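# Structural description and commentary
Letter by letter, the chains look like this.
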Amino acid sequence: MKSLTLKAPAKVNYVLDVIRRRPDGYHDLRMVMQRVNLCDEITISLTDTPDITVTCGKNGVPDGPGNIAWKAARILLDMAGTGQGAEITIAKNIPVAAGLGGGSSDAASVLMGMNELLGLGMSDQRLMEIGVKLGADVPFFVFKKTALAEGIGEQLSAMPDMPTTWVLLVNPGVHVSTGWVYRNLQLTNRDELAKLPYFYGTIEDICSILSNDLESVTIPAFPVIAEIKATMMRSGALGAMMSGSGPTVFGLFPDRSTAEQAREELVKGTCWFAVVVETI
Ligand code: ATP
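Reading guide: rules and limits
- Residues numbered from 1 in each chain as written.
- Predicted model: local features only at pLDDT ≥ 70, side-chain atom pairs only at ≥ 80, totals over all residues.
- Heavy atoms only, no water.
- Axes fitted to C-alpha atoms, helices over the stretch in contact; angles between N-to-C directions.
- Helix = DSSP H or I, 4+ residues; strand = E, 2+ residues; numbered from the N terminus.
- Parallel < 35°, antiparallel > 145°, perpendicular 65-115°, else oblique.
- Left-handed = near helix turned anticlockwise from the far one by under 90°.
- Contact = heavy atoms within 4.5 Å.
- Near = heavy atom within 4 Å.
- Polar contact = N/O pair within 3.5 Å; in protein donor to acceptor, adjacent residues only side chain to side chain.
- Areas by Shrake-Rupley, 256 points an atom, 1.4 Å probe, with all protein chains shown as cover.
- Nonpolar A, V, L, I, M, F, W, Y, C, P; charged D, E, K, R; others polar.
- Buried < 20%, exposed > 50% of the residue type's maximum accessible area, 1.4 Å probe, protein only.
- Domains from an automatic or database assignment.
- Buried area = accessible area lost by both parts, 1.4 Å probe.
- Salt bridge = Lys/Arg side-chain N within 4 Å of Asp/Glu carboxyl O.

## Examining the packing of helix 1 (residues 68-80) against helix 2 (residues 102-117)
For the pair helix 1 and helix 2, interaxial distance at closest approach is 8 Å and the crossing angle is 25 degrees. The angle between the axes of helix 1 and helix 2 places the two elements in the roughly parallel class. Note on packing geometry: the crossing formed by helix 1 with helix 2 is right-handed. Together, I68, A69, A72, A73, L76 and L77 of helix 1 and G103, S104, A107, V110, L111, M114 and N115 of helix 2 make up the contact between the two elements.

## With respect to the site of the ligand
Neighbouring the ligand are 20 residues; G60, N67, A97, G103 and D137 lie closest to it. A97 is positioned such that a nitrogen or oxygen atom in its backbone is 2.9 Å from an oxygen atom of the ligand. Between the ligand and G99, the relevant distance is 3.0 Å, taken from an oxygen atom to a main-chain nitrogen or oxygen of the residue. When the ligand sits alone it has 620 Å² of accessible area, and the protein chains cover 76% of it. With four residues, helix 2 is the largest single contributor of residues to the shell around the ligand. Residue composition of the shell around the ligand, by class: eight nonpolar, eight polar and four charged.

## Remarks on the side chain of T47
Residue placement: T47 occurs in strand 2 (residues 27-47). Among the residues examined, T47 registers a relative accessible area of 9% and is labelled buried. Aside from chain neighbours lying at most four places away, what touches T47 is M1, Q84, G85, A86 and E87.

## What to know about the environment of G57
Structurally, G57 is set in the loop between strand 3 (52-55) and helix 1. A relative accessible area of 73% means that G57 is categorised as exposed. Residues G57 and E278, spaced 221 residues apart in sequence, show a C-alpha to C-alpha distance of 27 Å.

## As for the domain arrangement of the protein
Domain boundaries in the protein define domain 1 (3-158) and domain 2 (166-194 + 214-278). Each partner contributes residues to the interface: domain 1 has 23 residues there, and domain 2 has 24 residues. Between domain 1 and domain 2, a total of about 1900 Å² is buried, with carbon and sulfur atoms accounting for 61% of that surface. Here domain 1 is connected to domain 2 by zero salt bridges. Where domain 1 meets domain 2, there are nine residue pairs in polar contact (both at pLDDT 80 or more). Looking at the side of domain 1 that touches domain 2, the elements that each hand over two or more residues are strand 1 (3-21) and strand 2. Classifying every residue of the side of domain 1 that touches domain 2 gives 12 nonpolar, five polar and six charged.

Rendered as structure tokens:
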């Protein structure tokens with residue numbers, strides 16, 4: 001049986017500006033997206049029968065056709081037209097519905113893995129076009145570089161090189177629905193967007209651009225997000241921000257030991273998910 005194991009990394013949003021609401025209900029965004037080395041592990045095996053099975057075994061993640069990885073596999077198997085199917089196993093390390101893009105990353109890995117296993121020879125550009133139909137963040141994970149993402153997230157351009165950075169991720173586990181966040185967002189007039197710098201020599205340079213419009217909705221409803229940010233800053237972070245529609249907060253640290261100490265301080269007496277990772 002032909003099979004492949006791939007890592008599907010999480011992302012954080014250094015920038016998430018909401019530009020406007022579109023007639024189709026989506027929002028035009030301006031995001032700076034960065035991958036980190038917290039990864040799901042995906043094993044894909046081609047089978048001789050046309051069925052697709054997805055096994056994840058994580059609460060809140062559907063095992064069958066509801067899984068975005070299943071949908072990605074279906075599209076590529078249909079394009080191949082070989083009558084084959086796939087067995088997909090997801091070892092889920094990225095918290096679910098956390099603002100870390102786990103589902104989108106899984107889908108992107110399945111697109112790239114199936115392309116290889118089936119010998120389809122599709123370009124990344126083609127996989128990104130297929131991916132955006134599955135989820136707005138999917139193309140970014142096919143792109144595989146720190147990116148400026150515009151439109152609904154599908155117009156990608158590479159950001160200038162940035163230094164590798166220690167990142168503390170803390171997810172307090174409160175349930176934040178992405179739909180609810182966007183429905184409650186008061187759009188401000190955006191005649192003029194601050195220009196992004198074109199040179200990032202230090203972590204402080206990265207911190208100078210951190211912003212997320214969606215915090216204006218999530219922080220009043222979940223003050224714990226602001227508390228985590230404040231604790232990170234007190235514990236030596238150079239910058240801290242919520243990722244995506246939350247609730248995960250990330251902090252950028254000058255070194256690993258300061259990040260680990262902040263992690264210990266933050267998780268004391270809680271059962272929060274908290275991990276120190278690096279940008280990739
Ligand atoms: P984003 O940052 O792109 O908004 P997220 O990190 O907030 O994403 P995900 O972890 O991708 O959210 O999950 C969103 C929903 O998608 C979950 O509630 C889950 O039921 C569903 N889902 C479907 N497939 C997957 C998958 N492979 N991994 C995680 N969630 C999945």
